[in-house]
Structure formats: C-alpha cells, structure tokens
Amino acid sequence: MTTRFRWRMIAGGLIGLLMAGFSSGMTWAAVDAREHDAFWLWTGVATQPVLDQARTLYVLQGQISATRRDRQTPALIAQGMSVTRLPQREVWIVYRAHSLRWPESIYKQLLGQVQRWRDTGTAVAGVQIDFDARTLYLQEYVVFLKDLRQRLPPELKLSITGLMDWSSNADSRAIGELKGVVDEVVVQTYQGRHSIPDYAAYLPRISRLGLPFKIGLVQGGEWQAPRYLQDSPWFRGYVVFLLNQK
Amino acid sequence: MRIRSLTPLALIIGATMGGQAQASSDDSCYPNWSLLRDSLDVCNNLPFLTPGNDSRVNLRLLLADQKALTLQPNALTEQELAEGYGAVPFAAFRLANEEIEGDESEESGAAAMADLLGKLGLSRDSNDTAGQAFLQGEGSRCRSNRDESAADFIGQLLDTAGLSATERQSLARARLQLLDACTWEADKQASLLPPDVQSSEAKAFVAYLRAASDFYSGRFSDAETGFNTLAESTQPWLKETALYMVARTRLNAAQQDAFDEYGSLKEDHDRTAYAGVGQAIERYLSAYPDGRYSRSATGLLRRVHWLAGDTDKLAADYAWQLTEAGDARASAPPEALIQEADNKLLTALTGATPSPLMTATHDLMIMRPHLPNRLTREQLDGQKALFAAQPAMFDYLQAAFAFYVDKNPAEALKRLPNDVPEKLDYLAFSQQTLRGLALEDGNDLPAAQALWLKLLPLAQQPLQREQLELALAMNYERSGQLTKVFASDSPITSAQVRLILLGKVADAPLLRQQIGQGISDTEKSTAQFVLLYKELLHSQYAAFADDVKALPDTPADTKLGTSLGYVYDAGQTLQLFRWNGAKAESGYACPSIGEIAAALQVNAKDAKGLNCLGEFILRNGLDGMPLDQKPDAGDLGSSEPGFKGAVFSRLNGYQTVIADSKAARDDKAYALFRAINCYAPSGYNSCGGKDVAPAVRKGWFKQLKTSYGATNWGKSLQYYW
C-alpha cells in the first residue's frame, strides 16, 4: 500500500507544480493537515498524529453496492475502523453508496450501526452519504435523501458529498430541493491528488446554492482559497481527506 | 469539453487504495494506451507480469497458470466504455469478479433454530441476535453469537441422552437469552444461567455457557479457565468446541492492546503472547484435523501469523489457501484471499519469503522506481534456491529486473527464451511480451513486429490477443507503417486502438480511405469528423471545401464521444460541419462554417473570418478539443501527426484581428471583447495559443472601453481578468 501512495503523491505533486508555475500568478499552497481540524478517515489509512487535534471526523464505515450473486439488490459491506469510542467533538459516520435502491435490511443495519456508535459515547453528529450523483441521477438522489432524512433520528444530521459540476450543469431545481433535507454538502475540489484548476470558476456558483457547504481538500494536495470564500454566508470550513504519508 | 467527472472520495480509493473498496467498478479510471509502465497505476493493467501492474493482477496471472483460478475479465461496463476503455489496458477491478458474498448462514440458522425450538416446545419473541446486528465484513468476536451457533448448542441438548426435559428447556432458554447481547456484568450473567440443573451433563453445558458468556464479555482469563474444565468432557461436542474456544479466547486476549483507537495495528504491540495462541490452535487442529472448526481455526492461524509479524508463515498460509486448500478447506473465496494477501502481506513485506508465488509477486512490486527499498540484483540473485523448482520464473524475474531496473534490454533478451512455445500460459506470454518490448527498446522494430505477428495466432488466454493488437498497432505506428493497421487484412480490430490512431496521427489520405473502408459506422463517421475538423483547424480551407462536399446537407446526429477522445456524455456529431452561425449569441453575426472557411481561404487574415472561426469554436464547445491533445511520448498515437503545423487558436485569431489596422470597427471591438473573455472568470486562458501577460489584457480592456466604448461589447464588459 505504501508504495502506491508514494507514487501518486509524486505524480500529483508534479502536476500541481506545473499548474502553479505556468497557469497563473496565484501561489498554490500544499494542503497541510496540521492546519486543519476536520478529516475524512478512510479504509486503510493509518493513524496519524494530526488526529489528536481533530475536532471533526468523517469516518467511513460501509459501502453499499450490488453483489455478483444478486445484481439487483445491493448489500451493505463494512469498511473502515471498528465501532469504538472516539474523543472528537463531532463524528460523522460515512457510507459510500454505489446504489440508491436499498432494501429495508440496509436501512436497519445502517441505523443499527450508527446507534452502536452512539452507544459507545462517541459524539455522533450525523450520517454522511458519499454518492457519485452525476446530474443524470440527481432527481433520484433527492428523492432518496428525503426518504433517508425521514428515517434518521431527528437529532442526527445528514451530510452529503457534492460534485463540482453540480453547480454548473445540474438541475438547479433538484439542488434547491436539497435545502431542508441535507444539513451540509462537502464539495470536492480535487481530482486524484491535485486540485481542479477550474475550481475558482465553480465555487462562486456553489456558494450560491443556498446550502451550507464545506470544501473537501486532499492531504498534500494544492489549494488556494478564493477571496470571496470567507465572505460566503454558507461556507462552513474545510474537511481534509487523509492519505497515508509513508 | 466536460471535465472528467469528479467522483467524490471514491476516486481516491480507486486510484490509491486499490483494494478495499473495489466491490463495484464505478470509481473513475481512465485508460492509458501504453505497454511500457514500471510504476503502479491501478487503472491500467496488462495481461503480462510487469511491475506496472497492480500486485493483485500479477498474483491472479500466476494463479491462473497454476489453474488455481480462472481469469475471467468482467464485461466492460457502460461507465468503463464511457471512460474510453477497450479490453486492454484494464482497471484492476475488472478481474475481481467474485464479490464479498452475502451471509447465507443467517437464514439457515433461523430456520434450524425454529425447528429445534419446536421440538423443545419453546418459542422466541424476536429473531434478532447481537451477532447478526453487524455488517458483512465488520470485525467483532460477537458476530458468532447468532442463530447458527446457538442452534448447534441447542441441537446438542436434544442429542445428549443424560439431560432431563426440564434441563434441556432451561439450558435452551438460557442460550436464547444470551443471543440478545454480548456483554454481561457478572451478576447479570449469573441471573441468565440456569441455577437448578442436577445432572453432570447439564452442569457441563452450564459451564460452557458461563465460559462463552465470559468470552463475549471480554473476561478472557475466566473464559479460558472455564473452557479448560471441559477438556475431558464426555460430551464430544462440548469437548471439541471447548478446545477450539480456548484457542479463540487466547487470540482475543493476546490482541486486546494490539490496535489503536482508529483500528491501526500498533507498531510496538506485544507479540510474545502469539506463540501460545498458535500452540492452542495447533492443538485443536491436530486433535480434529477435519473437525467442525478446522476451517475457522486455520483462518485464525493466519491472523496469528499476521499479528505476530511472521511474514514467512503468513506467505505460506496464503500460498496454501490459494493453491492447495481447494474450495472445501479454504477459509475464504480466492477474491477475498487475494485482497487480504495484498493488504496484509505484500504491501508490508520487506524481503523474500519461502513462497515462490508470493515472492515473485512481491519482487515485481519492488522493481518499481522511487522506492526506498527497491529490489537489488544481489537480493534477486539470492533467491535462486527458492525458485529451484521454477527456473523459468526465476529467469523471467531476472529479465524483468534487467529491463525495468537496469534499463538494459540487451541483457533482458539474454535471459528470455528465443523459441515461442505452442501454448502461451501467462508466464510464457510474459516472456514473449518482454522480449518484444526489449527488441523495440533496442530499436529493432522489425524483429518485434515479426514476434507480435507470430504470437497472434497463439494467444488463446483471456486478454492476450487484445494486448498483442495494441503492441502491433504501436509497432506499425512507430515504424511509419500506419496504413498496415487499416489494411483490409489487418489483425487489429480493437475499436479504440484504431480510433485513437485515426484521431491523433492519421493523415488526410488515410482518413479519406477509412471514410469508405472503416470497419464500423463509428469508424467511418469518426474518420470523416477528424478529417474535416483537422482541415479547418489546420487552415487547410481548400481541402475542407472539397471534403465537406461528401457530407449530406443534414448529417446524421449520431454522437461521437469516446471515439473522438471525449469521456462520459460529452461528444460531437457531424452536424458540426453544417453550423450556420445563425444564433449570434453575443450579437456578432457569422455566416455558415463553409462560408467562413471560404473567406479564410481567400484571405487567411480576414477579420470577420477569424472572429467567426473563433465563434464556431466557442459556440460548439471546441476549446480544448480532445483531438488536439497530443498523447504522452511513448503512448499510442504519440508519433508525428499526419496534419502538420499549429492548430488554430481563438486567442491567436483575436490577436491577429486586434493587430489588423484595416479591420472593421465592429470586428476589432468584438475581437477585444472575446480576447479579454478568454481569461474569464478564473484568470486562466481557455482559448488556446500562447498566454499573454495581465498587462496586455489590461491594455485590451482600456482600448475596448475607450476606442470602442460605444459598442455593445464596450458597454457590457465590466471587468478583465
């Protein structure tokens, strides 16, 4: 595993430098996890000292996808760390969905696992759904999220990861319907290891969606905050995707 | 052009983590058309043993040769097709065709339980159990506290002669109650166990329940003591199960402090206790080699070896599980074992192991560049004895080392067999592939070409033929024999390979030929599109005027997407070349693209013509068109393009108009307006051509606002970037 990370880092780093050098006068800063306090913790990522300073954690716990045996009915497969008591102030339980057609058993297992997290004394803020909602499926996604919101205990929040191209291409009506359903969108500004050069063009539209949003960064990636970001009433900070550093 | 879709979080997994979340293939990947790669790219693998492959792919190739598994690439999904994939190269997860299976024991356990309870005259309020609350793949010792194991216990109650009916009932009831949870304080535990049993058999079952509940509660010392008291039990199930549970209890005790709170194995955890765990497991396995828990016990042994850091034994475990155990004895399906071997062994190894299979896979991994512990010649030479029974494998590793690490193709050739065998398993195919690549690297393109051709009819295993087609196509391309790819008897039928060559390097005569002779409608339309597009963008207006005549007045609206290099739903149709300019979105009217080309044919600096060619590009989303992107050196389609000279850029066109003292007022104002907008809103130039400094853009803005302030464009533009 370590060798893979290493290579991606080198490749991503070079591309980033090239972009920084030739494309603009902006200085791009590498994302230093030590300057942040909210992180995604994904499967296979080893413990890092920055976790000690984390106030918010997004912890991957499962993946929902179809099995070979039954292409129609997806199953929930566990991912990531064991259920345990975590000290952070705010812990989000993250599920990666490849399918939105969940049988009842998945809701039961998912809510059961979230409850087990709460039973440990961990401060569970809510559930985050990570779904690759291309514009095509956006309407279906909104319907799904409304239903999920109904099923969640009212004291838990609902977060989703968002795509940059939502704000440019997506059906704005569908996005509008997310208001009051999801509590936040965490928008990804990177592709592989480097930030998307056009993010500066996308973000203004995102900040107009009328939804609280955070910006997802990748550890070691590049990022330069656009000036208007801090002025956006909807901006709620950053979440850094941790990678193995070796 | 749409930017490649951004998959939230998933992309990171797909690209860097490789394994753990690969049950589905909808994480983004893109093909990279080359056979030469020494660094890992999980999105791009080849069906021969190479350091550039994901280790799981190399392991599968080796296992296929041993007949331990069948290589069955999944059919290309709609998404992979939309990402531009053909058969080869392929993403690692295309070979992962067994997914983690659902848990069937859940239903069968409940059914067995209902049956048994009926016999005892008992019923239950709920079918929920603490063990079944977990997710598939979630780790907890509590998972075994479920119907399946409880039914085993209750079944034994029915089969044990010395128990009274009351004792059976109260023991069964106690076991059912224990299904509700996994942790009980001592007093709660005492209240759940039947207090009033008389027979020695019943007392033994109570002792078992006490030990089991101690085990689930994490009181491992009490649990082990309890299970040990049953070692001489006359009830055979209790005796066997207790012996197995002693091993499980020791393992759980030993690993208690092995992980930090985030689930990572601590580097400095105490490894001394694992010897005792291993002994307990071996004791069970020698007493019950085909016992009811021997499969599980063998699996636990793997965990012990992992926790103890005993990579030699762990490597032997995986080799046995994957190649010898067979379905009946293997702890898990091959897919899960391959994944686990990658996570737990291959990525952690630092040197050779006693397993040739695992060592060969690992050797290939550590031939990759930029590694702190890259394989050395001495280390590899030191493995000779290990590969004594597989000299061909050892020779292949030596050849790969010469080629990828030493960059010495001549040395690689010396270590590869000259003769092509009749049957190509993946090792033989790898030998011949590497030979061809070494020949090409040594600039002997004709010899490599002859080899690729010779191998083609022998390629019978999955994906071999498609790799050879790619190799041969690249050879033809680099040998200046591109037309052979498209000859009527060409063996190269891979659609993507042909389309990439048409889009990137074909010249006009070849494109004209393929408009008529393409092997599919897509190829014919693509050839026509590429021809017309490149003539326009390379300022060959006369040729465009000629060739566009073959296009119907209303061309088909069939979208050409990946065949032009687009991904996902982006694309163009041949109707592009009937663009009539009528919309005039910014109030600047243009004639049809045919008339624009005609005007530029007369005068290459025609201001209206240049602005309107820019308008054609802008309005049809042709900025950054994939056909204009040159592949990386060494990739398919990276040789000298068939169309020479610079590609027209909008920015350059506007600059020509701005500098043209004879240009009409509106033309000049519009060129300024558009040139400034090339940098909107991010400050990046989206119009192609050479970047200009901000000061120049400022000058344009000033000129537009002063000299042309009265025009609509002068009025409407408020900023420059």
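Residues numbered from 1 in each chain as written. Chains lettered and ligands numbered in written order. Predicted model: local features only at pLDDT ≥ 70, side-chain atom pairs only at ≥ 80, totals over all residues. Heavy atoms only, no water.

An unreviewed UniProt entry lists chain B under the name Outer membrane assembly lipoprotein YfiO, from Pseudomonas graminis.

With an unreviewed UniProt entry as reference, chain A is termed DUF3142 domain-containing protein, source organism Pseudomonas graminis.

*Asks:* Any details on the state of the cysteines? Residues and values, ideally.
*Replies:* Residue and element names in this part refer to chain B. Scanning all chains against the criterion turns up three disulfides over all chains. Disulfide pairing places cysteine 590 opposite cysteine 612 at an S-S distance of 2.1 Å. Between cysteine 590 and cysteine 612, the disulfide has an S-S torsion of -90° and is therefore left-handed. One end of the pair, cysteine 590, is in the loop between α27 (541-547) and α28 (593-602); the other, cysteine 612, is in helix α29 (residues 607-619), with 22 residues separating them in the sequence. In this structure, cysteine 590 and cysteine 612 share a single accessibility class: buried. Here cysteine 678 pairs with cysteine 687 through a disulfide, and the sulfurs are 2.0 Å apart. (Disulfide = S-S within 2.5 Å. Helix = DSSP H or I, 4+ residues; strand = E, 2+ residues; numbered from the N terminus. Buried < 20%, exposed > 50% of the residue type's maximum accessible area, 1.4 Å probe, protein only.)

*Asks:* Describe unusual backbone geometry, naming the residues involved and giving the relevant values.
*Replies:* Residue and element names in this part refer to chain B. At the junction of valine 88 and proline 89, the peptide bond is cis and its omega measures out at 0° in the coordinates. Unusually for a residue other than glycine, lysine 407 sits at a positive phi of about 55°. Looking at the secondary structure, you find lysine 407 in the loop between α18 (391-405) and α19 (409-414). Residue class for lysine 407 comes out exposed when judged on its relative accessible area of 54%. Its identity is not glycine, yet tyrosine 568 carries a phi of approximately 55°, on the positive side. Structurally, tyrosine 568 can be placed in the loop between α27 and α28.

*Asks:* Can you tell me about helix α9 (residues 220-228) of chain B, naming the residues and giving the values?
*Replies:* Residues and elements named next belong to chain B. Among all positions in α9, only Phe220, Ala223, Gly226 and Phe227 are buried. Looking down the long axis of α9, one finds its buried residues gathered within 125° of arc, a one-sided arrangement. Contact partners of the buried residues in α9: α8 (200-217) and α10 (236-254). (Arc of directions from axis to C-beta. Contact = heavy atoms within 4.5 Å.)

*Asks:* Please set out the pattern of salt bridges residue by residue, giving values where relevant.
*Replies:* Counted under the stated rule, the structure contains 35 salt bridges over all chains. The shortest N-O distance in the salt bridge between B:Arg478 and B:Glu440 comes to 3.6 Å. Highlighted residues: B:Arg478 in helix α22 (residues 464-478) and B:Glu440 in helix α20 (residues 426-441), separated in sequence by 38 residues. By relative accessible area, B:Glu440 is classed as buried at 10%. Shared partners join several salt bridges into a network, and the residues in it are A:Glu104, A:Asp147 and A:Arg151. (Salt bridge = Lys/Arg side-chain N within 4 Å of Asp/Glu carboxyl O.)

*Asks:* Outline the pairing of strand β11 (residues 213-218) of chain A, listing residues and values.
*Replies:* Residue and element names in this part refer to chain A. Burial runs high along β11: six of the six residues are buried. Of the pairings in the sheet, the one linking strand β8 (residues 184-188) to β11 comprises four bridges and is parallel in character. Bridge pairing links valine 187 to isoleucine 215 in β11. Relative to strand β13 (residues 235-241), β11 runs parallel, the two sharing five bridges. Pairing of phenylalanine 213 across the sheet is with phenylalanine 235, part of β13. (Pairing = 2+ DSSP bridges.)

*Asks:* I'd like a description of the confidence of the model for chain A, backed by residues and values.
*Replies:* Chain-level statistics for chain A give a pLDDT mean of 78 and a share of 72% at 70 or above. Within chain A, the lowest mean pLDDT, 27, falls on helix α1 (residues 2-23) of chain A, and the highest, 96, falls on strand β5 (residues 90-97) of chain A. (pLDDT = per-residue confidence, 0-100.)

*Asks:* Go over the packing of helix α6 (residues 165-178) of chain B against α8(B) with me, naming the residues and quoting the values.
*Replies:* Residues and elements named next belong to chain B. Packing of α6 against α8 leaves a shortest axis separation of 11 Å and a crossing angle of 5°. In terms of axis orientation, α6 runs roughly parallel to α8. Here Glu167, Leu171, Ala174, Arg175 and Leu178 of α6 lie close against α8, whose contacting residues are Ala202, Phe205, Val206, Leu209 and Ser213. Looking at the contact of α6 with α8, its residues break down into seven nonpolar, one polar and two charged. (Axes fitted to C-alpha atoms, helices over the stretch in contact; angles between N-to-C directions. Parallel < 35°, antiparallel > 145°, perpendicular 65-115°, else oblique. Nonpolar A, V, L, I, M, F, W, Y, C, P; charged D, E, K, R; others polar.)

*Asks:* Account for helix α11 (residues 274-287) of chain B, with residues named and values stated.
*Replies:* Residue and element names in this part refer to chain B. Compared with the 20 Å implied by 1.5 Å per residue over 14 residues, the 20 Å span of α11 between its first and last C-alpha is a close match. Those residues of α11 lying buried are Tyr274, Val277, Gly278, Ala280, Ile281, Tyr284 and Leu285. Buried residues along α11 cover an arc of 160° about the axis, so they all sit on one side. On its buried side, α11 packs onto α10 and α12 (294-307). (Expected span 1.5 Å × (residues − 1).)

*Asks:* Residue-level account of the nonpolar core, with values.
*Replies:* Counting residues in each nonpolar core, the largest one holds 212 residues, and the members touching the most others are B:Phe227, B:Met358, B:Phe529 and B:Phe577. The biggest single contributor to this core is α18(B), with 11 residues. If sequence neighbours within four positions are ignored, B:Phe227 has contacts with B:Tyr208, B:Ala211, B:Ala212, B:Phe215, B:Ala242, B:Met245, B:Val246 and B:Thr249. Formed by 73 residues, the second largest nonpolar core is a distinct cluster that contains A:Val50, A:Leu76, A:Ala78 and A:Val182. (Core = buried A, V, L, I, M, F, W, Y, C linked by side-chain atoms within 4.5 Å.)

*Asks:* I'd love a proper account of the environment of B:Ser221, names of residues and values included.
*Replies:* Residues and elements named next belong to chain B. The topology assignment puts serine 221 in helix α9. On the accessibility criterion, serine 221 (55% relative accessible area) is exposed. Each C-alpha atom of the pair serine 221 and threonine 249 lies 8.2 Å from the other, and the pair is 28 residues apart in sequence.

*Asks:* Residues and numbers for the side chain of B:Ser34, please.
*Replies:* Residues and elements named next belong to chain B. Looking at the secondary structure, you find serine 34 in the loop between α1 (10-17) and α2 (55-65). Within the structure, the side chain of serine 34 is placed 3.0 Å from the backbone nitrogen of leucine 36, a separation counted as a polar contact. Dropping the residues within four chain positions of it, serine 34 is found in contact with Leu46, Met474, Gly634 and Asp635. (Polar contact = N/O pair within 3.5 Å; in protein donor to acceptor, adjacent residues only side chain to side chain.)

*Asks:* Got a sec to walk through the confidence of the model for chain B? Specific residues and values, please.
*Replies:* All names here are of chain B. For chain B, per-residue confidence averages 92 on the pLDDT scale, and residues scoring 70 or more make up 95% of the total. Contacts of residues 1-26 to residues separated by more than four positions or lying in other chains number 109 contacts, the stretch itself having pLDDT below 50. Overall fold confidence (pTM) sits at 0.86, and the ipTM for the predicted complex is 0.75.

*Asks:* Just give me the short version of the pairing of β8(A), but keep the residues and values in it.
*Replies:* Residue and element names in this part refer to chain A. Most of β8 sits out of view: five of its five residues are buried. A two-sided burial pattern is seen for β8, the buried positions comprising Glu184, Val186 and Gln188 on one face and Val185 and Val187 on the other. Direction of pairing for strand β7 (residues 157-162) relative to β8: parallel, over a ladder of four bridges. Counterpart to isoleucine 160 in the pairing with β8 is valine 185.

*Asks:* Run through the packing of helix α13 (residues 311-323) of chain B against helix α15 (residues 334-346) of chain B, naming residues and quoting values.
*Replies:* A pair of packed helices can be characterised by two numbers: the angle between their axes and the separation between those axes. Residues and elements named next belong to chain B. Put simply, α13 and α15 touch, their axes get as near as 10 Å, and they point 165° apart. Taken as axis vectors, α13 and α15 run roughly antiparallel relative to one another. At the point where α13 passes α15, the crossing takes the left-handed sense. In this structure, α13 contributes Thr311, Leu314, Ala315, Tyr318, Gln321 and Leu322 to the contact, and α15 contributes Pro334, Leu337, Ile338, Glu340, Ala341, Lys344 and Leu345. Per-class residue counts for the contact of α13 with α15 are nine nonpolar, two polar and two charged. (Left-handed = near helix turned anticlockwise from the far one by under 90°.)

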